[in-house]
Structures are given as structure tokens and as C-alpha cells.
Amino acid sequence: QCVQTVSRQFTSVSIISDTVNPCSASQSFRAGGWSPLTSDQYQWLEVDLGERTKLTAVATQGRYGSSDWLTSYLLMFSDTGHNWQQYRQEDSIGFFPGNSNADSVVQYKLQQPVITRFLRLFPLNWNPTGRIGLRLEAYGCPYTSHVVSFDGDRSSLVYRLSPGPRRTSREVVSLKFKTLRNSGTLLHAEGQAGQEGLSLSGTSPSEPRRLASLGSLLDDQHWHRVVLERQSAHLNLTVDKHTETVQIPAEFSHWDIEQGNVTFSCAEPVSVAVTFPGPQSFLQVPGPKVSTSGGLSVGFQFRTWNKAGLLLTFDLPQQGGVAWLYLNESAAMNICQQCVLMGFGYPGSALNDGQWHLVELNSKRGRLTITVDKEEGGTAHASPSFPVTLQSHLFFGGKSGTDNSQECKNPFNVFQGCMRLLTVDSQNIDLIIVQQKQLGNYSNLQFDMCGIIDRCSPSRCEHGARCSQSWTVFHCNCSDTVYEESCEAYKHNGNTSGHFYIDVDGSGPIKPQLVYCNMTEEKTWMVIQHNNTELTRVRPSPGVNQHLVHFDYSTEEEQLLAAMSQSEHCEQELSYHCRKSRLLNTPEGSPFSWWLGGPGSGRLQTYWGGAQPGSQQCACGLQGDCVDPQHYCNCDADRTEWAEDSGLLIHKESLPVKSLVLGDIHRPGSEAAYRVGPLCCHGDKNFWNAAFFDKETSYLHFPTFHAELSADISFLFKTTASSGVFLENLGIKDFIRIELSSSTQVVFSFDVGNGPLEVRVESSVHLNDNRWHRVRAERNIKEASLRLDELPAATQEAPADGHFHLQLNSQLFIGGTASRQKGFRGCIRSLQLNGVTLDLEERAKITPGVRPGCPGHCSSYGSLCLNQGHCVERASGFHCDCGLSAYAGVFCHTEVSASFKSDTSVSYTFKEPYEFIRNSSALPSSIYSDTTLRGENVSLSFRTNQSPALLLYVSSHYREYLALLINEYGTLEVRYKLDSSREAEVLRSRVGGLANGQLHTVTIRRRTESVFVIILHIQLSFISFFSPDSDELDPDLAKLASLGFIGCLSVVHFNSISPLKAALLHPDTSPVIITGSLVQSSCGSAASANPYAAENTHHLSGTTRVKDSDLFTSINHMVALGVIAVVIFVIVTGLAITARFLYRRKETYVNRDVKGVKERDSPDFPFNNQTDSQNVSSENPKEYFI
């Protein structure tokens, strides 16, 4: 029990009278107490504990019989009575709560005991109607330890272990050290074939490979604890309270330690520092009365995190100016003379790294010199036109705000940091005398200590964000650091296949990993590569009986296992190609070959791809179709012909494959090759883990949420209710809660002992729309934040003086509260707390009023299905059915394009309806949706350099047709002839030059008597080809078709039919006939030819950005009222796609006049009706410009 009274001797900076002196400050005096002469922030009460003591608690009380007591205070400790260090709780909070009256005793147990001899208490606040008054007691027990001092040159302590083998799996070395130097070797240990070292700044004379780096600001002359613990192949490095685990080389087996000349005592050099904590801080010291050097000489050391700050200021009375030495990324100096500013740049960079830096300023004989860090830094010189001398005061870190004598205005921020070893004209400045106000002046300083704090060690930034800091705060650069948990999550953000970083545990300890996400129409695959996924021929080495292969994966072991664990299914291909090379079955039963798979280095596996674990079989043995029925693998037949055993490994506990051992490879005539494919997984059990709360009184409960210093919560919800609590966990006073407070607002609230804090996000749309919405809430030592969907995050900063632990002790309630009021009604899924996913479905199975799972995802994600794709519900997610779309891909977004040669043709045949009735399995029913045509929707994209060229032809057996072509001027023409006895109508585009190798999209829509033509220009470049069948074309069109087509066609769509897609992707099940070379191509992709044309990129939103010059025009064309009731022969001449429509009836074609556009001969219309015979029908068609 280390709780005995340890207070010995009290001293203070001042007393109000002899009756309230420090000697009466001990609580052992029933009466009395200490009060200083002045009640301000510079007062302190010091306790000398007499020896180094383990301090465990302090107790305070007000001054007896008075109105004098403290309401808050700071504690400082020191081994020497100098170089004080502030005691902090939870790494941040520095103050302690005090008393509320003069009589009660408030005891505070230190969260972490401190080893010290001297203790100082600094009052922060006191009774506003009284003065500072205090009785104090400290509790603890004596602390003894052996110490040794090293001089930094060649001193060392060497220790040799007793000889003989040592095979312990665990070894521990621990020590404490204190130093003023920022580098040096603390421990050096050697193994049989390697060595390890522990050093400050991570360096040693031989510069070995760094395994771990931990700690910061260790050169503060305070004790720091270091523990090295080796457990097998892992090393735990602990510095003070922080630990890092690394893997060490296998050859390192034990440590050898030796002894040399050292001093078994601890030298305590005195170095007094001063801290400049805020904007009002400055230190004023007098200049030399008589300069012994005839010039100026100033020196000091500083350390800071700030990039800028004023280091030194002094007046130049003879020149009527002022000089400023300041920090601004590097050291620099400005001199203001007669209000004219002159600047001089000086050496030094990265001076805000928290390390001590030495600055020396010298001016002599008209030469100004500034040196930074001596040999390690640099020196710069300048020769001002006037002497720089010191005849008055110097101000370090700032300047008194009451001094307005100078006309030059200070343009610099004050310095925040520490200074020490101040010299003026080579004379040391005694800062203790300054503190006692016997020399100079100061404001808002902390003497005899350096209050610098490293807020980035260890880094509090999550998701791999980079940490930077200033004197008061730290910053996290979170750009490109927030990732989704899986490929499934990326898909539901609208992403297509590609490489992505996935972070399986969010803010948990597992680092993000780069994987390939293959988004297919059916499944979303995560692909993790290794160093050899190709089919590899075995080349046996002489004298080696077996061939060993090891596979290194692109992700670390922890990442890989976590990704597999959350996946619904994983698989990996394993194949063996053989000729006279047996695989598994030997005469004595042991296998020739095997593989290692699973966690760590893997477990031995004797089955092959496609078989079951432990079976010692291949896929053919399981299926019973091996080439030799007496064996269970094709290769075990030992034939001279090439054979193959391959299949998928699907048992996750055996994956991934780590090593492969092949045995039967050395016999004469033996040949073999192997392939181990990448690890492929699909599904995300966490992403779709959901529960449905059908009553406001229903809830799920889980163990207490441990979120003392950090809480990171994310989930998705959907509801039709306007309010409800998503999550709640209570403590005695503390709590944490996330709720839907209204149909447009989410609130994140908590209390960590200093009152409730709320963060709110307001949505412009209603959140009770039965669509999925994402909530991400975070609370850490710096701030609390709340983010809803893609709205900007709302934040609330933590108090500047730190934070408290969040103390929770009740169960965690999901979907409700402990009071069963304001419960949530709807669905919650993918709930993660500090990187751990809660299994809502499993708990919902045993909880009344809550159902596992939550269907209905198309309402949220259906908009991702583009280009007439149809969203189809699944139990876990959705998929886009692209059957009625001319596009393909996971979101029906991929253009289906083809390149054609002159001999290529594709015929697409529509059979009669009665044939379909006779043979219902012949064709999909969707192709009969247009048996009666009252109009057409035709669209396609093309790219060509050819003119004239026939792009589309639709013709009936009665010589009625629709034709789309580019004439010899590169202008688009649309020809309609809906009655063989009538002349054709010609619609011409005003836009020419379409045969320019760029991609153009054309859409034709006819609804009875109206025709709409849309032309979209996409400025890209590509050339391809085509050829049609011209047996039934009109003579002029037949002549045009006979020229062939050089170009590319893409996403061809005729009403609900996509003939090009059917020919390319489903040629065996579609009514198509392909002749010649039909090659699928990316020629129809806007991004394939011009990666810089971002304004024309086809986005997943389904929009195409079109320039203002693009043409959208329509014309009312009076044609037949009724339908085309004849056999129609369709030729898309760019593809030579032929389709025959057989209809059962014919209706009357009613003649109507057509409202045309008047012909004009102008530069805008460079062609007229007198066209070449190739482009004009013999039936004298009417022409219109569109």
C-alpha cells in the first residue's frame, strides 16, 4: 500500500505573513495554511519529499477559518528542484479540480504514479471572494533504484550471459534513462547471425535496418521507461506508455551484453529553460552596459512546433529603427530603419521539428553574422550600411505591448515554444533571477521548465492520415485516407472495376490494402494478387529432389485474413499440367506433392483444386472422370501425353496458398507446369449485416461500448418514421447517443463529465424516405464530428485544456433506449464501433420485435442502373439486369462496340409470332415486343472517315424502308419510305463533316407522323470498317452499300432489341448469323481516344455532357396514319444487320402532305436537292433540312 504521508519540507515563492507561511501548509496542522503575498498565476507551493518517492495521490484543503481556497491547480514534479515537468492526466488534461470551501478535503489519486523528489503546486483558480489559500498533503512511498551515468564518449556497460545454448521463447530487457542529448545508443545486442540495437533518433554507428521507431522529446532530462520484449519472432518495444510490435529476423536468438568503465551514480546537469505559452509572452533582459566586443553578441537555444514566430527584438536608437530576428520556415532577420524595411535571409530549415536549435547573432566591424546549429546547420553573412549595435533592452519571444516608442510596427507573431542558455555579450542570463524579478521583466512565462508536448507521437490520426502540429493543436491530413470496407461498398457508391484501397475495420488497427475490385453483373469480386499468378514451367535443379515455390501476396497477413473473414466466399485456382509427372498418389500412400495454406506459414494440404480437404484427391477423383479410374488424379496415370489437374480451392480456412512443393519432376521424360491464381473473394458479410425494428419499443443490446478516449461509429439506416434513437449507452453521468431528432436532422450527443455536447447535421431532403442513409460519428481528444451521407461534416472542438475519459457502464442499446422510449422503427445495417462490426442479424434472431436482414435496396441504389437497365432485388444488395439495354457491365454502362471489315456481316432474324407459339423455347420473348410498329426508337454511335456511307437500313418485303446514311458531303441523311407507291422523304442535317473519324451519336424517334433526330458530337478520333448485304436495297442505296463501310458502330438499339450486343455477347443463344470477322472493340468509348476530353466523358449518372454547338432538332413529318403492316427487312448497313419482321395484317397507308423546310442556298447549306444519283432515290424523294 503506497499511500503513506510523504510530505517533508514546504517552500513557496512568497507569503502574506508569518502566520500563513509554507510550514503551516501541511494538513497535519489542524489549523493554519499557506497564502501568498499576491494572488496571481505566478505563485507556487513546493514540497521537498526528501528522497525520490513514488507519488500516488495528493489532497488539498482551504486555509483554516477563512474564505481562501483553490478551485483548480496544476502539479509539477522534478528530481532536482529544476527542470520541472507538468503532470498530465489522460495525456492531455493538466489541471486538477480543487475545493468548494475551506474545510473539506479533496483527495485525487494519480492515474499514473510519478517518481519524483520535488513537487510543486501552481494555483489556477481560487474563490473569487477570497484569496489563494491552501493546505496540502502528498501520499506515496520511497522509491529506490540503481543508476549508472555515461559520459557520452566511450563509456559503456557490457554484460555477457553464461555460455551454453539458450532457447527461451521470451526475453525481456527493461531500463529507464534520462538525457539532454537527442541521439545515442542505449542498448546493443548481438545474436548468432544478426544484431539489434536500441538508440535515440533510430541510428547507430553501423546504420542497421530500422525495425521500429517510437517516442518523442526524449532529451528533456526526465526519466523515460523502455521495455524490449521478444516473443519468438516478434518484438514489443514500449516507450513510456506506448507499445509497438514488429517482426524480427529469425536468426536473432539472444542478446550478449558486456561491461566497461562507467560511473554508478547519475549526474544531474542543471539546465534552466523558459516556456513562452501564449500571445502575451515575452522576456525582457537588459543589454550590456559596455560592449566588450565593440559590437553585438547574442546566443540562445529554442525548440517549437510553430513554423513562424518572433525570436528576438531590439532597438537601434542611433539609426532610428528596430531589428527583428524571427522564424519563418527558416531563420531570418528584418531591420526597420526610418520605417524602411530591409530583410536578410539566413540558413536553417525545418526548425519547427521540436528539437533544440542553437542560434548565434554577432555583429562586429560592420559585418552581421547569424549561425544556426553550428556545424550541423549553416552560417550567413550580411553587411548593412550601418552598424548593428545593442544599447538598450532585448526582448525574447515578443515585446511589451506598453512600449510604443518605436515607429516601426511589428509584423510578426509572437513566439510559442521554449528557450534556454540565453547569453548576451557572452554572459549567461540567470533565468532564476529573472523569475524572482531581480533582473529584467517578463509576462506570461513558465520558468524552469519546457512545456512542449508532442501531440503526434503516437499519432491520434486515424485511417493512416498524416499528423502535423503547432504549439497548441495537432492536425490530421485526411486527404485520400478514408476508404470503404470492401469492394461491395465501392460498388454501391457507383464505382466500376478498378484498383481501390479497402479498410476492412475502418478506424481499427488494420491498415488499408490495395486490391482489384472486379465488378461483374452477378458478383463483386475482390482480387488479391501474389508474385506469380502465371502458368509456370517447372525447371528442376540438379541434386534437389523437390521443387519449392513460395508465394508473396500484395497485402500483409493481418489485412489478408481480415478481408477473407468478412467475405462470403473465397476461392483460388490451383492447377498442375503434367507429362510423366505424378501428383498426389504414391504406391506407399504419401503424396508426391503438396501445398501449404492458411494463416501464418500455412498448414500442409494434400488435396488439389476442386476436391475436398483431406481427401488426397483431385477434382476428377471427386467427380469420377479421371483418365485412369484406378487413380484420383489425371496426372497420377503417369502417361506420356500432357494431362491436367485443376480446380478451385474454396475452403477459407486453407486459404491463401502460401507454398507449393512438387516432387515427381526428376525422372527422365518428366515435365510439369503449375499455376496458383490470385485469391478471389466476393460478398461482404458486414456490409449487409442488418436488423429491422418493427416497433418503437424493440431494441438490441450488446456489451458496454468501450470508447474512453475515442469513439468511431458508422452505420446505414432507412426508415419511414420521423424520429428515433439509433444508439445509446449510459454511464453514471456520462452517456453517448445518436438519434434521428426529426425527419431532416441527425444528432450526435455525449457527456464526458463536463456537460452534454451536441453535434447536429441538417439535411435538405427528408430522411424518412425509406432509402438508405449513412451516418458517421466520431469523438476523439481533438473534436467531435458528425457526417450524414455526403453532406459536409459538422464538428465541435474539444475544450482547449483537454478531455476526460468517457465512462460508460450500462449495456449498449441499438434501435432503442434503456427507458424503451423514442425507439427507432426501421432498418439499421453495417454498424461498426471502433472498427468492430456488430452482428445485428445474429442477435436479432433471438430478440422479439426485431427481424434479421432488411430487403428493399433498389429504392436506394436503383438509380445506378443506367441505359434502360433494370434493378433486381437480392437478399444482400441488388444487381442491374441489362437484358433490355444496348449496354453491358455492372451498371449497364459499358458501350458494346465492334469493328468491321468489308466482308463482315451480321443478320438478326425476327420470326413469325406463330412460330414462337409452336416453339416457345426458341427465342426470348422480348424480341416479339414490336410485332406492330407505330413508331421506332433507333439509336447508334458511329465513327468513320468514309463518305458516302450507309449506316442503317430498314426495309420490308414491300420495299418500304428507313435508311440512315452519310452523303458524299459528310452530312447525315434520314430517309423514310412508308408506302412503296409513294416517294421517299429525305431529312438532312445542317451539320456536316461527320465523316471525320470522331465519335457521333444519332437517335431517331418516330411516333406516327412525327420524326425526331438527335445528333451528339463527341470530339474523339478512331477509324474502323463494315460491309452490308444489298440484295433487296433500292438501286441507289444498293450502290452505296456496295462501297462497304470503314468505321466503328456502337450501342445499336432498335426499340427493345440490341442486335449488336446479341451478336457479340450472346451469339449462340440469339437469332444472329455472323459472317466474316466481327471483333469487339472499345472504339465506341468516348474515353478510348481522348483522355483529356473530360467534358465529354460518359459518367455513371447516365448523362453525357454536350457542347453548346451540338444540334438537337426535330421536324413534324406528316406520314401515314396507322402502322407498317408488312414484312419489314431491316439492314443496319454499318453492321449489315438483317432482321425480318413478319406481321399478320396490313393496314391502310393514308397519304398526307408533309410540312417541309424551305430550301436555302447559303454557306450554312452547302448542298441542295440536285444530288448525285448515289444519294437520291429514283423515286424523286422530298427533302428537308433538319
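Predicted model only: the values in this text are computed from it and were never measured.

Caption draft 1: The arrangement of the overall build of the protein chain in detail. Tallying secondary structure elements over the protein chain gives nine helices and 75 strands in all. Partitioning the contacts of the protein chain with sequence separation of at least 6, the portion at a separation of at least 24 is 69%. Looking at the protein chain as shown, the accessible area adds up to about 54,100 Å², and 49% of this sits on carbon and sulfur atoms.

Caption draft 2: The pattern of salt bridges, seen in detail. Counted by the stated rule, this structure contains 25 salt bridges. Of the charged contacts in the structure, one is a salt bridge between D79 and R52, with a shortest N-O distance of 3.5 Å. With a gap of 27 residues between them, D79 in the loop between β4 (70-78) and β5 (85-86) and R52 in strand β3 (residues 45-61) connect regions that are remote in the sequence. Overall, D79 belongs to the buried group, its relative accessible area being 19%. The exposure class assigned to R52 is partly exposed, which follows from its relative accessible area of 21%.

Caption draft 3: Examining helix α3 (residues 557-566) more closely. Residues of α3 that are buried: Q559, L560, A562, A563, M564 and Q566. Where α3 is buried, its residues meet β33 (513-519), β34 (524-528), β37 (569-579) and β43 (679-682).

Caption draft 4: Here's a closer look at the packing of aromatic side chains. Under the defined criterion, the tally for this structure stands at 23 aromatic pairs. Between F717 and F726, the ring centres sit 4.7 Å apart and the planes meet at 40 degrees, which makes this aromatic pair tilted. One exposure class covers both F717 and F726, and it is buried. A connected cluster of aromatic rings, assembled from ring pairs, spans F276, F300, F302, F396 and F415. In this structure, K491 is placed above the aromatic ring of F878, and the distance from its NZ or CZ to the ring centre is 5.0 Å. One cation-aromatic arrangement involves R829 over F687; the distance from NZ or CZ to the ring centre is 4.6 Å.

Caption draft 5: Summary view of the state of the cysteines. Across all of its chains, the model carries 13 disulfides by this definition. Here C620 connects covalently by a disulfide to C626, the sulfurs 2.0 Å from one another. Between C620 and C626 the sulfur-sulfur dihedral comes to about 85 degrees; the bridge is accordingly right-handed. On the accessibility criterion, C620 (6% relative accessible area) is buried. Across the disulfide from C858 sits C871; the S-S distance is 2.0 Å. Because the torsion about its S-S bond is -90 degrees, the bridge between C858 and C871 counts as left-handed. Taken together, the positions of C858 in helix α6 (residues 858-861) and C871 in strand β58 (residues 870-874) put the pair 13 residues apart, joining distant regions of the chain. No difference in accessibility class separates C858 from C871, as the two residues are buried. No disulfide involves C680; its sulfur sits 7.5 Å from that of C681, the nearest cysteine. Judged by its relative accessible area of 18%, C680 is buried.

Caption draft 6: Structural detail: the sheet that holds strand β14 (residues 242-247). On the basis of which strands lie adjacent, the open sheet formed by four strands has the order β9-β12-β13-β14 and antiparallel pairing. The open sheet has two edge strands with one neighbour each: β9 (170-177) and β14. For this sheet the average axis-to-axis angle between neighbouring strands, irrespective of direction, equals 15 degrees. Note that strand β12 (residues 224-231) and strand β13 (residues 234-239) share six bridges and pair antiparallel. In the strand pairing of β13, L228 is matched with L237.

Caption draft 7: Main features of the UniProt feature "domain: EGF-like" (unreviewed entry) in the protein chain. UniProt's entry tags residues 452-488 and 855-893 with the feature "domain: EGF-like" (unreviewed entry), counted in the numbering of this structure. Between the end C-alpha atoms of residues 855-893 the distance is 25 Å, and the span holds 10% helix and 26% strand.

Caption draft 8: Spatial organisation of the environment of T894. In this structure, T894 sits in the loop between β59 (877-881) and β60 (897-900). As for T894 and T496, which are separated by 398 residues in sequence, their C-alpha atoms are 9.9 Å apart. If sequence neighbours within four positions are ignored, T894 has contacts with Y887, A888 and G889.

Caption draft 9: Seen up close, the nonpolar core. Within the largest apolar cluster, 65 residues are counted, with the highest numbers of intra-cluster contacts made by Y576, W608, L660 and F878. In this structure, this core is formed jointly by two domains, domain 3 (527-685) and domain 4 (689-855), each of which donates at least three residues. If we ignore the near neighbours within four places in the chain, the residues touching F878 are K491, H492, C858, Y861, L864, C865, C871, V872 and F891. If you look at the next biggest cluster of nonpolar residues, it comprises 40 residues, including I713, L740, V752 and A844.

Caption draft 10: Just the confidence of the model for the protein chain, in detail. Per-residue confidence for the protein chain gives a mean pLDDT of 78, with 77% of residues at or over 70. For the stretch residues 253-261, pLDDT sits under 50, and the model shows 39 contacts to residues farther than four places along the chain or on other chains. Note on residues 912-932: pLDDT is under 50 here. Beyond four places in sequence and across chains, it has 31 contacts.

Caption draft 11: Quick look at the sheet that holds strand β49 (residues 745-751). Across the sheet, six strands lie side by side as β45-β54-β47-β48-β49-β50; this open sheet has antiparallel pairing. On the outer flanks of this sheet lie β45 (700-702) and β50 (756-762), each paired with one strand and no other. Mean inter-strand twist for the sheet, computed between neighbouring axes without regard to direction, equals 15 degrees.

Caption draft 12: Fine view of the pairing of strand β24 (residues 378-382). Only one face of β24 is buried: it carries G378, A380 and A382, and the other face, with T379 and H381, is open. With five bridges connecting them, strand β23 (residues 367-372) and β24 associate as antiparallel partners. Counted as the bridge partner of T371 is T379 from β24.

Caption draft 13: Region of the structure containing the side chain of E739. Looking at the secondary structure, you find E739 in strand β48 (residues 735-742). Exposure remark for E739: the relative accessible area of 11% places this residue in the buried category. Only 3.1 Å separates the side chain of E739 from the side chain of K822, close enough to count as a polar contact. Non-local contacts of E739, meaning those with residues more than four positions away in its chain, are made with G724, V725, F726, Q745, V746, V747 and K822.

Caption draft 14: How the structure looks around the environment of R982. Within the element layout of this structure, R982 appears in the loop between β65 (972-977) and β66 (985-988). Considering only alpha carbons, one finds R982 and E960, 22 residues apart in sequence, at a separation of 9.3 Å.

Caption draft 15: Highlighting the pairing of strand β41 (residues 657-662). Of all six residues that make up β41, six are buried, and the element is covered over most of its length. The pairing of strand β36 (residues 547-550) with β41 spans four bridges and is classified as antiparallel. Residue pairing in the sheet places L548 in a bridge with V661 of β41. One ladder, built from four bridges, connects strand β38 (residues 594-597) with β41; its direction is antiparallel. Looking at the pairing, W594 lines up with V661 of β41.

Caption draft 16: Layout of unusual backbone geometry. That bond from L655 to P656 is cis: its omega, -5 degrees, falls within 30 degrees of zero. Residue placement: P656 occurs in the loop between β40 (643-649) and β41. A cis amide bond links S947 to the next residue, P948, at an omega of 0 degrees. Structurally, P948 is set in the loop between β62 (935-944) and β63 (949-956). Even without glycine at this site, D448 takes up a positive phi of about 60 degrees. Residue placement: D448 occurs in the loop between β29 (446-447) and β30 (466-469). A relative accessible area of 2% places D448 in the buried class. At Q616, a residue that is not glycine, the phi angle is positive and equals roughly 50 degrees. Along the chain, the position of Q616 falls in the loop between β39 (603-605) and α4 (619-623).

Criteria and cut-off values
Residues numbered from 1 in each chain as written. Predicted model: local features only at pLDDT ≥ 70, side-chain atom pairs only at ≥ 80, totals over all residues. Heavy atoms only, no water. Helix = DSSP H or I, 4+ residues; strand = E, 2+ residues; numbered from the N terminus. Contact = heavy atoms within 4.5 Å. Areas by Shrake-Rupley, 256 points an atom, 1.4 Å probe, with all protein chains shown as cover. Salt bridge = Lys/Arg side-chain N within 4 Å of Asp/Glu carboxyl O. Buried < 20%, exposed > 50% of the residue type's maximum accessible area, 1.4 Å probe, protein only. Phe/Tyr/Trp six-rings, centres within 6.5 Å; stacked < 30°, edge-to-face > 60°. Lys NZ or Arg CZ within 6 Å of the ring centre and 35° of its normal. Disulfide = S-S within 2.5 Å. Pairing = 2+ DSSP bridges. Axes fitted to C-alpha atoms, helices over the stretch in contact; angles between N-to-C directions. UniProt positions renumbered as here; feature names shortened; annotations may be inferred. Core = buried A, V, L, I, M, F, W, Y, C linked by side-chain atoms within 4.5 Å. Domains from an automatic or database assignment. pLDDT = per-residue confidence, 0-100. Polar contact = N/O pair within 3.5 Å; in protein donor to acceptor, adjacent residues only side chain to side chain.

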